[in-house]
Amino acid sequence: MRKIVHVDMDAFYASVEQRDNPSYRGKPLVVGGSPNQRGVVAAASYEARKFGIHSAMPSITAIAKCPGLIFVRPGFDVYREISAAIHAIFKRYSDLVEGVALDEAYLYVTENKQNITYASTIARHIKTAIFQETQLTATAGVSINKFLAKMASGQNKPNGLTVILPEDAIAFVEQLPIEKFHGIGEVTGAKMHSLGIDTGADLKQRSLIELTHHFGKAGHYYYKIARAEDDRPVEANRVRKSIGAENSFAQDLSDVGQILQELEQIAQIVEQRLEQHETRGRTLTLKVKFSDYQQLTRSKTILAPISELDTIFEIAKTLFLSIDLQNRSIRLLGISLSNLDNAKQTQVIQLPLFQNAGIIF
């Protein structure tokens, strides 16, 4: 058994802005582009979330839901500085830290620098240190694998701590509504509901053959997590080889104008993520999935690395317009950039799987 802690900062970008500007506190706020410039929400405060506002939502939709919404441009330099301080706290307990984003990380703590027996104690120490040193709150999840630790951290936000013990893992997954599963989005969740899969218990009843028939390669992942299984290691020093974003549509799109609007919104999210990671890319790949689940990609490599919205969108638009749609509608669009200008060989550390039956959390 392994002990893994997942730490997720609470509404990180928005909370930083509220911390640094007292006039924003207690008010609905989003970090992202202006609705006048067809911007996209990068993060929403908890006050804004009460109105149904969430990340990746078009800003014009967000302002319609909450007319008094405050918009703030991202301050990635500040976010990165705070993220570095948070990761320094993580390193007090383990060198095996996998940063997923500026505000999120997995820690492998089966063996840890402080020789602390309980992983939940480590999580509490980390949460306390983060608040004392940054005046920000974090939520933590503790369990035996990355999937369960991630699910645990989503149970009690904000400023929460949830532990899923080995003996409770199966029961926890079985009772979980399917839309709460990490890795199952709105569109996939709707398809599962149409197949009569409403909970983890329902998902567990489906065979691997059936799941791969309906969901392709992702069916293997769904089959395993329905059984609370996830053997992915915590990858320390992981370097991204690509950065991108995609969107599945509740209703298939066929109007070219609407498709290009959606493509521009995705390009804005990609731009935000490139800025967040302080990188640029030379190869842009457009991903298109049709209503019949057939998928194609188109790529273009250029001499100079790019990160600007206008260039990303224009290249993606050109690639899209080169596709013969053949009167087919589209269910998913995605844009990614690879050949990153800071890309290095990815280092993956394979972790031992300890078999201690009496493992303590």
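Residues numbered from 1 in each chain as written. Predicted model: local features only at pLDDT ≥ 70, side-chain atom pairs only at ≥ 80, totals over all residues. Heavy atoms only, no water.

Filter applied, for reference: UniProt positions are given in the numbering used here, feature names are shortened, and annotations may be inferred rather than shown by experiment.
Per an unreviewed UniProt entry, the protein is named DNA polymerase IV, and its organism is Nostoc flagelliforme FACHB-838. According to the UniProt record, the Sequence similarities (unreviewed entry) comment for the protein is "Belongs to the DNA polymerase type-Y family." In its Subcellular location (unreviewed entry) section, UniProt records this for the protein: "Cytoplasm".

## Quick word on the UniProt feature "binding site: Mg(2+)" (unreviewed entry) in the protein
Convention followed: Helix numbering and strand numbering both begin at the N terminus, where a helix is a DSSP run of H or I of at least 4 residues and a strand a DSSP run of E of at least 2. The contact criterion used throughout is that any non-hydrogen atoms of two residues lie within 4.5 Å. Relative accessible area decides the class of each residue, using a 1.4 Å probe on protein chains only: under 20% of the type maximum gives buried, over 50% gives exposed, and in between gives partly exposed.
UniProt marks Asp8 and Asp103 with the feature "binding site: Mg(2+)" (unreviewed entry), using the numbering shown here. These residues run over 96 residues, yet every pair of their C-alpha atoms falls within 5.9 Å of each other. As for its position among the elements, aspartate 8 is in strand E1 (residues 4–9). Those residues in contact with aspartate 8, other than ones at most four positions away along the chain, are Asp103, Glu104, Ala138, Thr139 and Lys157. Within the fold, aspartate 103 resides in the loop between strand E5 (97–101) and strand E6 (104–108). A relative accessible area of 21% places aspartate 103 in the partly exposed class. Those residues within four positions of aspartate 103 in sequence are excluded, and the remaining contacts are Val7, Asp8, Met9 and Phe12.

## Overview of the pairing of strand E2 (residues 29–32)
Successive residues of a regular strand alternate their side chains across the two faces of the sheet. Let me state the cut-off plainly: Between any two strands, at least two bridges found by DSSP are needed for them to pair.
Residues Leu29 and Val31 point to one face of E2 and Val30 and Gly32 to the other, with burial holding for every one of them. As paired elements, E2 and strand E4 (residues 70–72) share 3 bridges and run parallel to each other. Among the inter-strand pairings, valine 31 is bridged to a residue of E4, identified as valine 72.

## Quick notes on unusual backbone geometry
Residue proline 158 is bonded to the preceding lysine 157 through a cis peptide linkage, with omega at -5 degrees. Tracing the backbone through its elements, the reader meets proline 158 in the loop between helix H6 (146–153) and strand E8 (161–163). If you check the backbone angles, alanine 11 has positive phi at about 45 degrees while not being a glycine. On the secondary structure map, alanine 11 appears in the loop between E1 and helix H1 (12–20). Take alanine 11: its relative accessible area is 6%, and that puts it in the buried class. Backbone geometry at glutamine 326 places phi at a positive 55 degrees, although glycine is not the residue there. Following the sequence through the fold, glutamine 326 ends up in the loop between helix H13 (309–321) and strand E12 (330–340).

## Considering the sheet that holds strand E7 (residues 138–143)
Threshold: Working convention: axes come from line fits to C-alpha atoms, limited for helices to the stretch in contact. Angles between N-to-C directions cover 0 to 180 degrees.
Pairing in this open sheet of 5 strands is mixed, and the strands run E5-E6-E1-E7-E8 from one edge to the other. Since the sheet does not close on itself, it has two edges, and those belong to E5 and E8, each with one partner. Adjacent strand axes in the sheet meet at a mean angle of 15 degrees, parallel and antiparallel pairs treated alike. Here 5 bridges tie E1 to E6, and the two strands are oriented antiparallel to one another. The residue bridging aspartate 8 from the neighbouring strand is glutamate 104, located in E6. Lying over the sheet, H6 contacts E1, E5, E6, E7 and E8, oriented at roughly 145 degrees with respect to E7.

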